[in-house]
Every structure is written in C-alpha cells, then in structure tokens.
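An overview of the molecular structure
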Amino acid sequence: MLKSKILIIEDDAIEAMDIRINLENMGYDISAVTSSGEEAFQKISQSKPDLVLIDIIIKGKMNGVQVAQKIKEEYDLPFIYLTSNSEEKTLEKAKLTEPFGYVIKPFDVIELRYTIEIGLYKHKMEKKLESRLQYFQNVFDNAPVGIFHSTIEGKFIRVNKALSYMLGYSNQKELITEVNKSTVADKIYYRPDKRPDFVSNALKDDKWHSYKNEYVRKDGNMMIGELRFRSIKNTDGTVKYLEGFITDVTEQKELEEAQMKTEMIAWDRLAEIDGIYDSSPIGLCTLDKDLRYIRINENLAKINGFPAIKHIGKTPREIIPTISEKIESMAKKTLKTGKSIMGVEMEGITPSKPGVLRTWIVQSVPFKDIDGNIIGISFSVLEITEMKKAQKELFETVKKLKLSNEELQRFAYVVSHDFKEPLRMVLSFTQLLETRYKGQFDNEADEFIGFIIEGSKRMERLLDDLLTYSRITSAEDKYSEIDLNTIIGESIFPLKLLIDENNVEITCDQMPTVLINRTQMIHVFQNLITNAIKFRNNETPRIHISAKIEENTWIFGVSDNGIGIDPHYHKRIFEVFQRLHRRDEYDGTGMGLFLTKQIIERHNGHIWVESEEGKGSKFYFTLPIENKLI
Ligand code: ADP
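None of these values were measured; they are calculated from a predicted model.

The next point concerns the environment of Tyr190. Secondary-structure assignment places Tyr190 in the loop between α8 (184-188) and α9 (195-204). Along the sequence, Tyr190 and Ile58 sit 132 residues apart, while their C-alpha atoms lie 65 Å from each other. Excluding residues that lie within four positions of it along the chain, Tyr190 makes contacts with Glu214, Tyr215, Val216 and Met222.

Along its 53 residues, helix α15 (residues 385-437) runs 75 Å from first to last C-alpha, staying within 8% of the 78 Å computed at 1.5 Å per residue. Of all the bends in α15, the largest measures some 35 degrees and sits at Lys420, one to four residues before the proline Pro422. All of the buried residues along α15 are Thr385, Gln409, Ala412, Val415, Ser416, Leu423, Leu427 and Thr430. Once α15 finishes, Gly439 follows within two positions and takes phi at roughly 90 degrees, a positive value.

Right, let's talk about the site of the ligand for a bit. Lining the immediate surroundings of the ligand are 22 residues, of which Asn531, Arg579, Thr589, Gly590 and Leu593 lie closest. Note that an oxygen atom of the ligand is positioned 3.4 Å from one of the backbone N or O atoms of Gly592. Here Ser617 contributes a side-chain N or O atom positioned 3.4 Å from a nitrogen atom of the ligand. Protein chains shield 98% of the accessible area of the ligand, which is 530 Å² for the free molecule.

As a further point, take a nonpolar patch on the surface. Together, Tyr135, Phe136 and Val139 line one region of the surface with nonpolar side chains, adding up to about 320 Å² of accessible area. By secondary structure assignment, the location of Val139 is in helix α5 (residues 109-142). Overall, the relative accessible area of 40% leaves Val139 in the partly exposed class.

Reading the values: rules and limits
Residues numbered from 1 in each chain as written. Predicted model: local features only at pLDDT ≥ 70, side-chain atom pairs only at ≥ 80, totals over all residues. Heavy atoms only, no water. Helix = DSSP H or I, 4+ residues; strand = E, 2+ residues; numbered from the N terminus. Contact = heavy atoms within 4.5 Å. Expected span 1.5 Å × (residues − 1). Bend = angle between axes of the 7 residues up to and from the residue. Buried < 20%, exposed > 50% of the residue type's maximum accessible area, 1.4 Å probe, protein only. Near = heavy atom within 4 Å. Polar contact = N/O pair within 3.5 Å; in protein donor to acceptor, adjacent residues only side chain to side chain. Areas by Shrake-Rupley, 256 points an atom, 1.4 Å probe, with all protein chains shown as cover. Patch = residues over 30% accessible without salt bridge, like charges linked within 9 Å, V, L, I, M, F, W, Y side chains within 5 Å. Salt bridge = Lys/Arg side-chain N within 4 Å of Asp/Glu carboxyl O.

Take a look at the structure:
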C-alpha cells in the first residue's frame with residue numbers, strides 16, 4: 001500500500017521535528033515541513049500531499065486559518081489543525097474552514113494518528129460522495145426525459161436541463177424563475193384545469209400516474225408530453241414534493257396523426273371503391289382458394305337471388321347449384337394457371353328467376369396479395385339475357401326482312417319480266433292496227449291508237465328499268481379489280497349513235513384500276529353520259545370524265561355543259577321516279593339516277609351533283625381506294 005504523504009506547517013522547529021519523527025514512525029511519508037503558508041503552497045505545487053497538518057498560529061503574512069482556507073479552496077486538500085487549548089478565539093474562526101480534525105498540543109501520538117486517519121478517510125469518502133453526486137447530477141441533467149420536483153401548489157423546486165430545453169428555455173434557472181412567477185399550470189400547461197386532477201391522483205398513493213399532457217413552450221408552440229407523476233412523502237406521511245418525468249412525444253403524436261390521416265384517407269377511398277363495387281352494373285365477386293365467397297357486390301347477389309351477406313363463406317355450389325360446375329371449373333383453371341379467362345358465355349337458371357334461362361358473359365381473374373401470391377379468384381359477370389333476346393329478335397327480323405326483300409325482288413323481276421310479254425303483244429298488235437287501218441277510222445281513232453302505242457312504249461321502258469333494278473339488287477355482287485378505262489369504253493360503245501347524232505365531244509382522264517362490279521359500273525357511266533347528252537342545250541355537248549384522289553378516296557366526275565340543275569333539286573333527282581321535266585321536253589323514267597345511287601352505295605361510295613341552272617352539271621361519285629366491299 002502506498003504511504004500517505006503529509007505536509008507539516010509548523011514554525012516551531014522543535015515541534016515540527018517531533019511531529020515529523022512521530023509520523024515517520026507511524027509509517028507516513030513527510031512530503032515537506034514548512035514554517036509559513038507561502039512556503040507550503042510552493043511545496044504543495046511541487047508534490048501534492050494527501051493531508052496537511054497546520055499549526056493555527058504561524059509566522060508569515062498568513063495565519064494558519066488563512067492558509068487552511070486557501071489549501072481547501074485552491075488545492076482541495078484535507079487539513080488538520082494543530083492547536084493548543086489557549087487559542088479558543090482563533091479556534092472559532094478555524095471551525096468555519098471546516099477542517100478534518102484538530103490535534104491539541106501537546107499531542108498524544110495515538111490521537112494524532114487517529115485524527116490523521118479519520119481525516120484521510122473522511123476526505124476519501126467526501127471525494128467518493130462528491131463524484132456520486134456529480135454522477136446523479138449528470139443523470140438528472142442529461143436525462144432524455146424532463147425531470148422536475150414541484151410543490152403541491154405548482155412551484156418548481158428543481159428541474160433538469162432536459163426539461164428546460166424541452167420547454168424552450170436556455171437553462172434550468174430561467175425555467176424555474178419564469179414558472180415560479182406564477183405556477184406550473186398557469187405558465188406551462190396548455191390546459192391548466194387538468195393539474196388539480198393530476199395532483200389529487202398523485203396524493204392518493206405513492207404510485208406513478210401517467211397522462212398525455214400538452215405543454216406550452218417558451219416560443220408559444222405546443223409540446224405534447226407524456227407525464228409520469230407521483231408524490232414523494234416523508235416518513236410521517238406528509239408530502240415532501242411532487243416528482244414528475246416528462247417525455248416529449250410531439251413528433252410521435254404528429255406521426256400518429258399523420259398515420260391516422262393516411263388511414264382515414266385509405267378508409268375513405270375504400271368506402272368509395274366499395275360504393276363503386278356495389279353500384280357496378282356488372283356483377284362482381286371474389287372467391288378464396290377453397291372457392292368460398294369472400295366478397296360479392298349487390299348486382300351479382302341480386303342475380304344469384306340471395307343477399308350479399310348470405311354468400312360469404314359459402315361456395316357457388318351452395319348458392320347457384322345449376323351453374324356452379326362451370327364457375328368452379330373456370331375458378332380452378334384460373335387458380336392453376338394464374339391466368340385470366342375472358343368472355344366466357346354462360347347459360348343457366350338461377351334461384352332468383354326460376355324457369356328463366358339466362359345468359360351471362362363471365363370473366364375470371366386471379367386475385368393476388370401484395371406479394372403477388374394468388375389467394376383467390378375474382379369474377380365479373382355481365383348479364384346479357386335481354387341483349388341476347390334482342391339480338392335474336394333482330395336476327396329474326398333481318399331474316400324476315402331478307403326474305404320479304406327477296407320476295408319483292410322476285411316480284412319486281414316477275415312483274416318486269418312477265419309483264420313485258422303481254423305488253424309487247426299489246427304494242428305489236430296496236431302497231432299492226434296502225435299500219436293496216438290508219439286513216440280508215442276517224443281522226444280521233446288514229447289519235448287513240450297513237451296514245452296506246454306511246455303509253456305501251458313508256459311502260460316497256462319502265463319495265464326495263466325495273467328489271468335492271470331487280471337485277472342489280474338481287475344479283476350476287478361480284479367484284480374484281482378492273483381498269484375503269486375499259487369500263488368507260490364499254491359504256492360508250494352502245495351510245496355511239498347518240499353521240500354521233502349530237503356531235504358530242506367526250507374527253508376522259510387516265511382512269512385507275514379499281515375493285516368494282518363490271519355490269520353495275522357500266523350502268524353508272526352509261527346513265528351519267530346519257531343524261532349529259534339528253535339534258536343538253538343548244539351548244540355542242542361537251543362531256544369530261546375525271547378521276548382524282550382525295551383523302552384516300554377516288555373521286556370520279558362526269559361533267560357536261562348542258563341545261564344544269566337548280567340547287568333546290570340536287571337531292572330530289574336521286575330519288576326513284578323523280579324528274580324535273582315533262583316527258584315531251586325530255587324523255588325518261590326517273591329511275592336512272594336512283595339506280596346509279598344504289599350501285600355507288602353498294603360500292604361503299606356516295607354520289608352528288610354540283611350544278612346551277614343553265615351552267616352545266618358535274619356529277620361526282622366516290623369509291624374507296626381500298627374497297628372492302630360488302
Ligand atoms: P331520267 O333521266 O329518266 O329523267 P334520271 O334519274 O336519270 O331520270 O334523272 C332524274 C332527273 O335529273 C332528270 O329528269 C333531270 O331532270 C335531272 N338530270 C339528270 N342528269 C342531268 C344532267 N346531266 N343535266 C341536267 N339535268 C339532269
């Protein structure tokens with residue numbers, strides 16, 4: 001063990017020597033023996049002793065008490081006074097310096113040793129206690145929680161650093177001063193009315209009581225704290241003070257609030273989706289892996305004929321036994337392959353409409369969790385029973401219409417074809433009557449014969465047009481890629497006589513090859529060219545046939561320099577039997593443009609005229625470049 005070092009301050013050399021010898025005999029080291037304070041301080045600085053023995057009465061500028069004071073304050077060393085009973089006054093002063101002991105001269109060796117040992121021990125203990133206190137002070141100050149002791153009335157007794165920082169004060173002193181100008185409740189409670197309850201609860205027992213409490217910081221902001229509060233009592237049961245721990249949970253609270261807000265939004269969205277799900281015109285449901293309903297919307301529940309809630313936990317087999325087999329097979333397939341099955345048409349009878357065969361379009365989609373694992377199947381069901389019925393009716397109607405149309409066409413054909421023969425007979429015999437007996441009856445009879453011949457001829461032309469119409473509409477449309485130059489050639493050929501007689505000038509652009517029906521298209525050009533010649537004026541008829549492309553469409557034109565057409569009638573002329581002139585002015589049946597329009601429309605085109613009275617006419621019709629024909 002290390003020997004304790006002792007410094008002796010004694011101006012009496014003999015006494016000093018005596019003490020030294022005794023102490024050395026006791027086993028102490030003597031660090032120095034000095035006769036004055038000044039000298040002692042020098043020695044202490046060189047080698048720090050463990051204890052100082054000071055004679056109260058010494059020479060020099062400072063007396064023993066003053067030296068002791070300095071040793072205590074500056075060097076923090078324990079010291080023992082060497083004194084004699086006669087120095088009572090000085091002793092009073094010496095007491096104030098809180099020495100570690102007194103040794104009365106002439107000293108007893110045992111007493112000296114005892115006092116020194118006690119002094120050394122006391123000092124050691126004090127040091128230990130001090131560091132302990134320091135430790136607790138540190139804990140108290142630097143704890144992450146705010147700690148306080150307060151009176152029942154609400155005055156702070158002590159607070160730690162953490163609490164002052166938490167509440168926005170720069171140190172404990174400031175917090176205590178500010179709070180104690182009024183009370184804890186008034187100064188730092190957001191709701192001062194809460195404190196009486198906290199206090200009365202704390203006073204009831206010695207236990208901790210926890211609260212969420214809002215505090216007002218120095219800057220006026222709110223701090224949400226978790227307060228743990230209790231009373232500390234004296235042994236006699238009276239209250240010593242109230243102790244509290246405060247943890248700042250503002251951020252946590254904000255986080256909780258944000259989380260709650262997000263959750264609320266999520267719930268709102270969910271409710272919204274629920275609403276959409278339930279009001280969907282499509283039946284929707286989800287089955288789990290055991291094919292039990294985990295969700296179903298109102299629409300599908302209605303189709304099935306049971307309230308939605310009754311489905312949950314049940315299988316389709318239990319709810320809709322007649323069609324469950326198909327549903328189950330779809331579900332199993334989707335579960336196995338993980339793939340959706342789209343647009344399966346399903347027929348069946350449901351309990352909601354017994355005896356009614358219903359049709360649905362059903363679709364199954366795998367139902368996955370967040371990680372993408374299949375946890376069930378979602379079905380969407382679209383009822384198409386009515387649609388199917390309507391479709392069937394439409395189909396029947398179209399079929400009937402087609403039949404009656406065919407009948408009509410047959411009728412038109414029969415009428416035009418079969419009527420022609422007796423008409424021919426009427427015409428032939430009337431003409432024979434005219435040839436043989438003209439002038440043998442009176443004038444009126446000759447005129448009547450003339451009317452019969454004219455009427456019959458007109459009827460013949462009408463029947464011809466009707467026959468053409470029935471041929472066009474009943475004949476199967478055969479389309480092929482044909483060079484329109486040849487079609488125009490073929491159209492003009494039979495009109496050669498008419499063209500020559502009228503000195504008609506016909507010019508034509510280079511024509512393309514298009515997908516058309518040959519006979520029908522010849523009819524179109526023939527009709528347009530004939531009209532262009534027929535409705536001529538006094539000028540030499542000039543006809544131009546043009547072709548151009550506009551927006552992926554061929555536009556063909558047949559223009560003339562004839563009498564023109566009042567724009568008022570531009571639509572009417574394409575209707576059946578519509579003519580703008582008397583027969584004695586311009587001959588015709590009023591079927592030509594009607595037929596032409598029918599043909600163009602069968603080629604997916606359309607026809608129109610641009611004209612004004614007296615300024616010639618331009619008939620245009622279109623044909624799609626890529627003619628996907630009916
Ligand atoms: P039709 O030639 O037998 O009278 P269309 O259906 O071919 O019957 O023509 C209907 C009417 O349109 C004609 O009566 C005539 O008034 C008018 N029209 C047709 N083409 C021309 C034309 N190029 N110029 C003037 N008018 C025309």
